[in-house]
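Below are the chains, spelled out letter by letter.
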Number of protein chains: 4
Amino acid sequence: MAKEKIAVVAGVGQGLGASLCRELCSCGYHVAAVARKPAILDRLRDEADAENHRLTPVICDLLDQRSIEQAHASIKALSGDISVYIHNASLFCMDEYLKTSADIYENVWRTTCLSAVHFTQLILPDMMSHKQGSLLFTGATAAVRGGAEFAAFASAKFALRGLSQSLARELGPQGIHVAHIVLDGIIDCDWTRERFGVKKEKALYPEEIAKIYRFLIEQHPSAWTQEIDLRPSIEKF
Amino acid sequence: MAKEKIAVVAGVGQGLGASLCRELCSCGYHVAAVARKPAILDRLRDEADAENHRLTPVICDLLDQRSIEQAHASIKALSGDISVYIHNASLFCMDEYLKTSADIYENVWRTTCLSAVHFTQLILPDMMSHKQGSLLFTGATAAVRGGAEFAAFASAKFALRGLSQSLARELGPQGIHVAHIVLDGIIDCDWTRERFGVKKEKALYPEEIAKIYRFLIEQHPSAWTQEIDLRPSIEKF
Amino acid sequence: MAKEKIAVVAGVGQGLGASLCRELCSCGYHVAAVARKPAILDRLRDEADAENHRLTPVICDLLDQRSIEQAHASIKALSGDISVYIHNASLFCMDEYLKTSADIYENVWRTTCLSAVHFTQLILPDMMSHKQGSLLFTGATAAVRGGAEFAAFASAKFALRGLSQSLARELGPQGIHVAHIVLDGIIDCDWTRERFGVKKEKALYPEEIAKIYRFLIEQHPSAWTQEIDLRPSIEKF
Amino acid sequence: MAKEKIAVVAGVGQGLGASLCRELCSCGYHVAAVARKPAILDRLRDEADAENHRLTPVICDLLDQRSIEQAHASIKALSGDISVYIHNASLFCMDEYLKTSADIYENVWRTTCLSAVHFTQLILPDMMSHKQGSLLFTGATAAVRGGAEFAAFASAKFALRGLSQSLARELGPQGIHVAHIVLDGIIDCDWTRERFGVKKEKALYPEEIAKIYRFLIEQHPSAWTQEIDLRPSIEKF
């Protein structure tokens, strides 16, 4: 019997994370859905069960290295190889620089970037021994342009982009595909509708973004993407 | 009866151009394959005929505005709407700057960039009236980095990238998707094997690139890509 | 007697070009001021004469290769070596894409980019034999970002940037310093005050820009700049 | 009596930091030279004393927020206003990703980026009340390109670049000039000669780099630079 292929989605909220879980379930992955709170994960597992998909909720505080180690151990205990890791975690922050405390600045970086280091360093040894795997990093406009009042968020997203480029250059020749997706716009979900008041027709649809992540995972090694941007057709940029 | 959807591929050689024609034929487009010489076009038409696909050869000298106008007129005469335009034409040039005559410099730009202006200005009025269509531009490493001995080629590819960005920002809100694909590596075909001596396992496979163009064409307007890079997994970059 | 050092400023209007001429005159260069119309050049020569500076007006149509060859010949006839070439010529264009004729598109490129090729190919052989010289290219926001309604201008400025990068990589190791200056804002002069209605306090001052060009020319080869941006402190970017 | 102008140089080693102190002393600043170890600072103070310049050594562990607060308090106690802050601190790291522990990864970021947050948040309130000041950040190639085996260093330098862009956009309109200097090459000093074996003629001279920092500080607000690159003329890039 063929081993299952496991996809880890780190940072699952109601928006893109949930859509990534659904998309990867629907194409046969056993999805390890990583989040701090169980509510959304339980809902996703029920959905997956109803469709005979495989999804395992993994509760984890990405700010805490020990918690990541425990999460990884529980995923390792599943039968199957981790062949996809999607880093979709971040802590949004938009405020005047002097109103952003150094603690917040640090937490934004820890959630957005350092947790990716902790997780990928645990996952990569197996991927490298198989000479195969995909690491996908969710970026943002703030990863390529540091706007006013985005000091903490842009700095953390820049950091993640630098990490992804470095890993792409180091690991690509070893068979690991590393890609960075620049989301330039607001993702449509309840939270963003309330927070930013963006109408659906002006937003990125999470299920459409998720198709693109899947497409990147399925790219043939002769034509791998390191970076791609995505935005609604009517977005100013 | 539904109108046919026409895809124009401008710049069809034996490498990527041919693969783009095959990919678009296979997903139902009537492909207008534009090239200066009939040989490759006739072969592609025979292939298409054998599979009950629709491909129309269009002989055109992309250096000549009149020739482009005639080509466009012959495509307009087909029954169907042009919904895709792929600009895959370029004139490669790598030489010391002082050995590159101003005439060559100009021809590289005319083939690579100006012909895209001539062609898209003919095609766009219909696309804009339908508020729908895709313009894809084949870029290269030289479009984002001007290397030594690439003055003519890099300048022309930069020019094409600037054009594509400007069109994306102007036309996106009007329903036209404009994307620029950065090919970072050598495309596997007879010509590049001879010219650069690159082995297949180190090259970009044209049929894999073509899948990505198709994917871009099929993106939902809530998540459009303006720029994507592609390279072999083992390419240094 | 030491030979004079000659600086060519191609594209001299009342704004930045005039300030570049004054700045280079004031630090001892014999300036060859190149423009299509004599009016501004005569004024600059009178100013230079009054200060015992050396400035030679050179009438030239930068759209015309022959005219550039004649201009170069007249500069070669001066006693001295050309050690600086500043390409400050461009043809501004902002309009809807379909309202920009292909002829205008081409003229924007010929003025902005191709004239730089014609001129530098004439000047470089001497610079290269001396293993010394500076080529400075005036860029713009449009050289790094193609905005809506800027198809022609952005494409031409991108082209010039690609040229400058390629020349920097090819010629730097041979002692020729190539720099590209990204002017992100409106230059204060009569024309821009009328055309864009920008107040002085929101504009780039040409005499301050000119100091930066001079600074780039004077950089020690151990620390050369290839690209620098400049904008008013209050400019949004 | 006019108040002294104080320039803080954070991260003073024997290379660029020392040259920055000398350059700023020589143009009249009272320099607060910040480093972890006293040796180099004492030498610089003796030099400054011998030339009737003003330089105050400030011992500080940039990994420690309390230490930065103490350093800032001691600088505030000097008579004068801080008008320049140069962030020249970084912790270099080049190693395979899986050999770089998460602790090292974090320390590289804390030294390179977070210490800049701690320091600038203390300094900015005074600068903002004067509507004047310069913040200069020392970047590197790794700030714009994440190379193989540079995951920690590139990620930290990307983070610093994102910070600098965001601050530039937020603070520029308030009179604070924020610039990021991309050093593309090895700085000539004893350490780099030993570590990388680079010959002087292939290295960046720290005293030449320092002149450029000074030039940036002295730019008129009508023409401020946000980013500039510097490399030896013969550097491949």
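The following refers to the structure shown. Keep in mind the model is a prediction, meaning the values are calculated, not measured.

Definitions and limits used
Residues numbered from 1 in each chain as written. Chains lettered and ligands numbered in written order. Predicted model: local features only at pLDDT ≥ 70, side-chain atom pairs only at ≥ 80, totals over all residues. Heavy atoms only, no water. Helix = DSSP H or I, 4+ residues; strand = E, 2+ residues; numbered from the N terminus. Contact = heavy atoms within 4.5 Å. Areas by Shrake-Rupley, 256 points an atom, 1.4 Å probe, with all protein chains shown as cover. Lys, Arg positive; Asp, Glu negative; His and termini not counted. Charge placed at Lys NZ, Arg CZ, Asp CG, Glu CD. Least-squares fit on C-alpha atoms with pLDDT ≥ 70 in both. Core = buried A, V, L, I, M, F, W, Y, C linked by side-chain atoms within 4.5 Å. Buried < 20%, exposed > 50% of the residue type's maximum accessible area, 1.4 Å probe, protein only. Buried area = accessible area lost by both parts, 1.4 Å probe. Salt bridge = Lys/Arg side-chain N within 4 Å of Asp/Glu carboxyl O. Polar contact = N/O pair within 3.5 Å; in protein donor to acceptor, adjacent residues only side chain to side chain. Nonpolar A, V, L, I, M, F, W, Y, C, P; charged D, E, K, R; others polar. Phe/Tyr/Trp six-rings, centres within 6.5 Å; stacked < 30°, edge-to-face > 60°. Axes fitted to C-alpha atoms, helices over the stretch in contact; angles between N-to-C directions. Parallel < 35°, antiparallel > 145°, perpendicular 65-115°, else oblique. Left-handed = near helix turned anticlockwise from the far one by under 90°. Pairing = 2+ DSSP bridges.

Okay, the overall build of chain A next. On a plain count of helices and strands, chain A comes out with 7 helices and 7 strands. For chain A, the succession of helices and strands along the chain, N to C, is β-α-β-α-β-α-β-α-β-α-β-α-α-β. Seen through its principal axes, chain A has C-alpha atoms that stretch 55 × 40 × 35 Å. Considering only contacts in chain A between residues 6 or more positions apart, those separated by 24 or more positions represent 71%. For chain A, the accessible area works out to roughly 9200 Å², and carbon and sulfur atoms hold 49% of it. Here chain A holds 26 positive side-chain charges and 29 negative ones, and the gap between their average locations is 2 Å.

Next up on the list: the relation of the copies chain A and chain D. Superposing chain A onto chain D requires a rotation of 180° together with a translation of 0.0 Å along the rotation axis, leaving an RMSD of 0.0 Å. These values place the two chain copies in the arrangement generated by a two-fold rotation axis. By C-alpha distance to the rotation axis, the residue of chain A lying nearest is A:Ala159, at 2.2 Å. Of the interface residues in chain A, 100% have counterparts in chain D that sit at the interface too, so the contact is made through matching surfaces.

If you look at the biggest cluster of nonpolar residues, it comprises 94 residues, and the most contacted ones within it are B:Phe119 and C:Phe119. Core analysis: the second largest hydrophobic core is formed by 93 residues, D:Ile6, D:Ile75, D:Ala116 and D:Leu135 among them.

The next thing to look at is the interface of chain A and chain D. Contacts between chain A and chain D engage 43 residues on the former and 43 residues on the latter. Together chain A and chain D conceal approximately 3300 Å² of surface at their shared face, both sides included; 60% is due to carbon and sulfur atoms. Seen at the junction of chain A and chain D, the total is 2 salt bridges. Here D:Arg110 ties to A:Glu106 by a salt bridge, and the two come within 2.8 Å at their closest N and O atoms. Across the contact surface, chain A and chain D share 26 residue pairs in polar contact (both at pLDDT 80 or more). Mapped onto the side of chain A that touches chain D, the elements with two or more residues apiece are α4 (102-130) and α5 (151-171) of chain A. It is α4(A) that contributes the most residues to the side of chain A that touches chain D, 15 residues altogether. In terms of residue class, the side of chain A that touches chain D is made up of 22 nonpolar, 12 polar and 9 charged.

Applying the stated criterion across every chain, the model contains 29 aromatic pairs over all chains. On the numbers, 3.7 Å between centres and 5° between planes, the contact of A:Phe215 with B:Phe215 is stacked. Of this pair, A:Phe215 sits in helix α7 (residues 206-217) while B:Phe215 sits in helix α7 (residues 206-218), each in a different chain. On the accessibility criterion, A:Phe215 (18% relative accessible area) is buried. Judged by centre distance (6.0 Å) and plane angle (70°), the ring pair of B:Phe92 and B:Phe150 falls under edge-to-face.

Residues and elements named next belong to chain D. One non-glycine residue, Asn 52, lies in the positive phi region at around 60°. By secondary structure assignment, the location of Asn 52 is in the loop between α2 (38-50) and β3 (54-59). Although it is not a glycine, Glu 149 adopts a positive phi angle of roughly 70°. Tracing the backbone shows Glu 149 in the loop between β5 (133-140) and α5 (151-171).

Think of it this way: side chains of opposite charge can pair up when their charged atoms draw near. All names here are of chain B. Summed over all chains, the structure comprises 68 salt bridges over all chains. Note that Arg 66 is salt-bridged to Glu 69, the shortest N-O span being 3.1 Å. Of this pair, Arg 66 and Glu 69 are both found in helix α3 (residues 65-76), 3 residues apart, which corresponds to roughly one turn of the helix. With a shortest N-O distance of 2.8 Å, Arg 161 and Glu 227 are connected by a salt bridge.

All names here are of chain A. Mapped onto the fold, Ser 19 is located in helix α1 (residues 16-26). The class of Ser 19 is buried, set by a relative accessible area of 8%. Taking C-alpha positions, Ser 19 is 5.2 Å from Glu 207, a pair spaced 188 residues apart along the chain. Dropping the residues within four chain positions of it, Ser 19 is found in contact with Pro 206, Glu 207 and Ala 210.

The next point concerns the environment of D:Lys131. All names here are of chain D. As for its placement among the helices and strands, Lys 131 is situated in the loop between α4 (102-130) and β5. Residues Lys 131 and Gly 175 lie 44 residues apart in sequence; the distance between their C-alpha atoms is 4.8 Å. Not counting residues up to four positions away in its chain, the partners in contact with Lys 131 are Gln 174 and Gly 175.

Turning next to the packing of α4(A) against α5(A). Residue and element names in this part refer to chain A. Between α4 and α5, the least distance of the axes is 7 Å, while the angle of their chain directions is 15°. In terms of orientation, α4 lies roughly parallel with respect to α5. Crossing angle aside, the handedness with which α4 passes α5 is right-handed. Facing Tyr 105, Val 108, Trp 109, Thr 112, Cys 113, Ala 116, Val 117, Leu 124 and Met 128 of α4, the residues of α5 in contact are Ala 151, Ala 152, Phe 153, Ser 155, Ala 156, Lys 157, Ala 159, Leu 160, Leu 163 and Leu 171. When the residues that make up the contact of α4 with α5 are grouped by side-chain class, the tally is 16 nonpolar, 2 polar and 1 charged.

All names here are of chain C. Alternating residues of strand β7 (residues 227-230) divide into Glu 227 and Asp 229 and Ile 228 and Leu 230, and every residue in both groups is buried. Strand direction decides the pairing type here: strand β6 (residues 176-183) and β7, joined by 4 bridges, are parallel. Bridging from a neighbouring strand, His 180 pairs with Glu 227 of β7.

On to the environment of D:Val182, then. All names here are of chain D. Mapped onto the secondary structure, Val 182 falls in strand β6 (residues 176-183). Linking Val 182 and Gln 65, residues 117 residues apart in sequence, is a C-alpha distance of 26 Å. Setting aside anything within four residues of it in sequence, one finds Val 182 in contact with Gly 139, Ala 140, Thr 141, Val 144, Glu 227, Ile 228, Asp 229 and Leu 230.

Position of D:Ser155 relative to the elements: it lies in helix α5. The class of D:Ser155 is buried, set by a relative accessible area of 1%. The contacts of D:Ser155, once residues within four sequence positions are left out, are A:Cys113, A:Ala159, A:Leu160, A:Gly162, A:Leu163, D:Tyr105 and D:Phe150.

A word on the packing of α1(A) against α7(A). Residues and elements named next belong to chain A. Where α1 meets α7, the axes come as close as 8 Å, and the angle between the chain directions of the two elements is 50°. In this view, α1 runs oblique relative to α7, as classed from their interaxial angle. You can see that α1 and α7 cross each other, and the crossing is right-handed. Residues Leu 16, Ser 19, Leu 20, Glu 23, Leu 24 and Ser 26 of α1 form the contact with α7, whose own contacting residues are Pro 206, Glu 207, Ile 209, Ala 210, Lys 211, Tyr 213, Arg 214 and Ile 217.

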